[in-house]
Amino acid sequence: MRLMSKPHSARELTGLLKAPTGIVGFDDVTLGGLPAGRPTLICGAAGCGKTLFGITFLVNGATLCDEPGVFMTFEERPEDLEANFRSLGYDLNGLAAAGKLIVDHVRVERSEIEEAGEYDLEGLFVRLGFAVDRIGAKRVVLDTIESLFAGFTDQAILRAELRRLFGWLKERGLTAVITGERGEGQLTRHGLEEYVSDCVILLDNRVEDQIATRRLRVVKYRGSSHGTNEFPFLIDEDGISVLPITAPRRNLAVCNEIVSSGIPGLDAMIRNGGFYRGSTILVSGVSGTGKTTMASHFVNAACLRGERCTFFSFEESAEEICRNARSVGLDLHAHVAAGLLRFEWARPSLYGLEMHLARMQRDIETFKPAVVVIDAISAFRGPAGDVQSILLRTVDLLKSSGITAMFTSLRSGASRDEGTDHGLSSIMDSWIKLVDVEENGERNRILYLIKSRGTSHSNQLREFRMTDRGIELIDAYIGPEGVLTGTARITQEARDRAAADQRERESNRRQRQFARRREAVRRQIEELEAALQAEEDEEAMLLGEDELRDATLKSDQAARAIRRRAAE
């Protein structure tokens, strides 16, 4: 059984004392609970949850607020009630044994009722008063009031006795819940109870397009403000819970912490290296582009950080998602076993739109995750305006809770400009589009980051592959006709490598030719230098011979001159 933390009596600014019901969400709608010491009418058709509301009010009062209660039923026997509510975890017998609860069955047979003389409820007051005094009760539930007045048609008597009943409850200071069946064109069959009650709650079980949705509305609340809209509420194995999903968003502190997408290549495309905590990310693409796999990486990274994650799936079951994630190297089963990851799966047609949102809010409040994945928002069906409203309120819920969320959306066409995100992309903090490109008889996956608020990011189209090590991004390859992927990229890369090899061979050939020419010129230069040196040596030798001859001539001339002078 899921109960809220121990509440305390609430007093509004107007000074009205309130008794918390302990029903998740309802005390938020009524700003504290039901009016303490006053009667409240819970009305609705059969099966809308009136008796459950009353029992929950008493059980929570006894266990959480230390306020014993009396449940007086005019229809079901105590043993039937105990058996019915045991499935929700309510131990009525245990509370009765502890002196916290009295369940009293008052048998009313219409065939035995005779409207004669002055009919009054004095006997009921005595019986109820005895039960209240016995355990010191602070809370009372009467279920249902129509059975008490069965067979009586005098409106004057009905009005008078109803006023007496409600006045008696007020005099005793009892916080009372009186259930009543819905009438034709009015809230109750007699149309009187709603006028003498201080608070009137209308429960409705509405069926639209073969889908049932339970809704609650506070019709009136004397002396107190309250939520005036219709609020969906759930009845399941955890009891009753009301979802105040239209509450205005509070101003939230902006978080600058960065969380990883779980894909290194994608983080590298963002300057900050990931997404801001508390932001919302939309991943859209046609079927088979890897949206769920990308979401699986996202929760895997969060679980590895030790954070709780909730994965809301509207297409695949938890086992299917874990099995498929294992093929890319992700062990989500381990995170589930560790209590960090919780899958919540439901078919879109199982509930109405409001109930899906109500269910998600309840699960989030219960598990308190740091990361949420909703796969896929395109599964919601209904009027476009209603679907958009639900999704916008979902985003508001997640942002108000500071939860980092990833939404996936299936697009029906292959056009990059086409989307079926129900107008959600405009309020997303980051938007990733996954595209299939058909070339050369094959389909390849491309990713591009349309926006990421608050940080610069890559504007490139990146091809990515599913491997046994996860999603791997491939550097963008720009060919003569744009970005190439798959075999077209491989073929063009081979062509480019061949062309580069050819250019390298041509360059090497030219370098070899130049080396040969340089060597030939070098040899020619050496030969010319050798010839020049030989000529220079020959010239030096001839010059030496000339000088020797000149010296010899001069010597001979000098000798002849001497001889002539001697002869004279």
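Residues numbered from 1 in each chain as written. Predicted model: local features only at pLDDT ≥ 70, side-chain atom pairs only at ≥ 80, totals over all residues. Heavy atoms only, no water.

Description of helix α14 (residues 384–400)
(1) Moving on: In this model α14 runs 24 Å from its N-terminal to its C-terminal C-alpha over 17 residues, within 8% of the 24 Å that 1.5 Å per residue would give.
(2) Moving on: If you check which residues of α14 are buried, you get V387, I390, L391, R393, T394, V395, D396, L397, L398, K399 and S400.
(3) Moving on: Looking at the buried side of α14, the elements it contacts are β15 (280–285), α13 (353–367), β18 (371–375) and β19 (404–410).
(4) Moving on: Following α14 by one or two positions, G402 adopts a phi angle in the positive range, close to 70°. (Helix = DSSP H or I, 4+ residues; strand = E, 2+ residues; numbered from the N terminus. Expected span 1.5 Å × (residues − 1). Buried < 20%, exposed > 50% of the residue type's maximum accessible area, 1.4 Å probe, protein only. Contact = heavy atoms within 4.5 Å.)

Here we look at the sheet that holds strand β20 (residues 430–439)
(1) Moving on: In space, the nine strands of this open sheet follow the order β17-β16-β18-β19-β15-β20-β21-β22-β23, with mixed pairing throughout. Looking at which strands have only one partner, the edges of the open sheet turn out to be β17 (341–345) and β23 (470–474). With strand direction ignored, the average angle separating the axes of adjacent strands in the sheet is 25°.
(2) Moving on: Pairing between strand β21 (residues 442–452) and strand β22 (residues 462–467): two bridges, direction antiparallel. Residue pairing across strands places I446 opposite E463, the latter belonging to β22.
(3) Moving on: Packed on one face of the sheet, α14 meets β15, β18 and β19 and runs near 160° to β19. (Pairing = 2+ DSSP bridges. Axes fitted to C-alpha atoms, helices over the stretch in contact; angles between N-to-C directions.)

Details of helix α5 (residues 122–135)
Count 3.6 residues to each turn of an α-helix, and residues three or four apart come out pointing the same way.
(1) Moving on: Given a rise of 1.5 Å per residue, 14 residues ought to cover 20 Å, and the 21 Å separating the end C-alpha atoms of α5 matches this to within 8%.
(2) Moving on: Buried residues of α5: L124, F125, L128, G129, A131, V132 and I135, and no others. The buried residues of α5 occupy an angular sector of 165° when the element is viewed end-on, so they sit on one face. For α5, the exposed residues lying more than 90 degrees away from the buried face are G123, V126, F130, D133 and R134.
(3) Moving on: Directly beyond the C-terminal end of α5, a positive phi value near 65° is found at G136. (Arc of directions from axis to C-beta.)

Topic: the environment of A376
(1) Moving on: As for its position among the elements, A376 is in the loop between β18 and α14.
(2) Moving on: Judged by its relative accessible area of 1%, A376 is buried.
(3) Moving on: Considering only alpha carbons, one finds A376 and S313, 63 residues apart in sequence, at a separation of 6.8 Å.
(4) Moving on: In contact with A376, other than residues within four places in its own chain, are F314, E315, T408 and S409.

Regarding the packing of α13 against α14
A packed helix pair is summarised by two numbers, namely the angle formed by the two axes and the spacing between the axes.
(1) Moving on: Contact geometry of α13 with α14 gives a least axis separation of 10 Å together with a crossing angle of 10°. As summarised for this structure, α13 and α14 are arranged roughly parallel, according to the angle between their axes. Contact with α13, carried on its side by L353, E354, L357, M360, Q361 and I364, involves D386, V387, I390, R393, T394, L397 and L398 of α14 and no other residues of that element.
(2) Moving on: Along the lines of polarity and charge, the residues of the contact of α13 with α14 split into eight nonpolar, two polar and three charged. (Parallel < 35°, antiparallel > 145°, perpendicular 65-115°, else oblique. Nonpolar A, V, L, I, M, F, W, Y, C, P; charged D, E, K, R; others polar.)

Structural notes on the confidence of the model for the chain
(1) Moving on: This prediction gives the chain a mean pLDDT of 82; 82% of its residues lie at or above 70.
(2) Moving on: Low pLDDT, under 50, characterises residues 1–6; the stretch is placed with 16 contacts to residues that sit more than four places away or in other chains.
(3) Moving on: For residues 414–419, every residue scores under 50 in pLDDT, and the model assigns this stretch 15 contacts once sequence neighbours within four places are set aside. (pLDDT = per-residue confidence, 0-100.)

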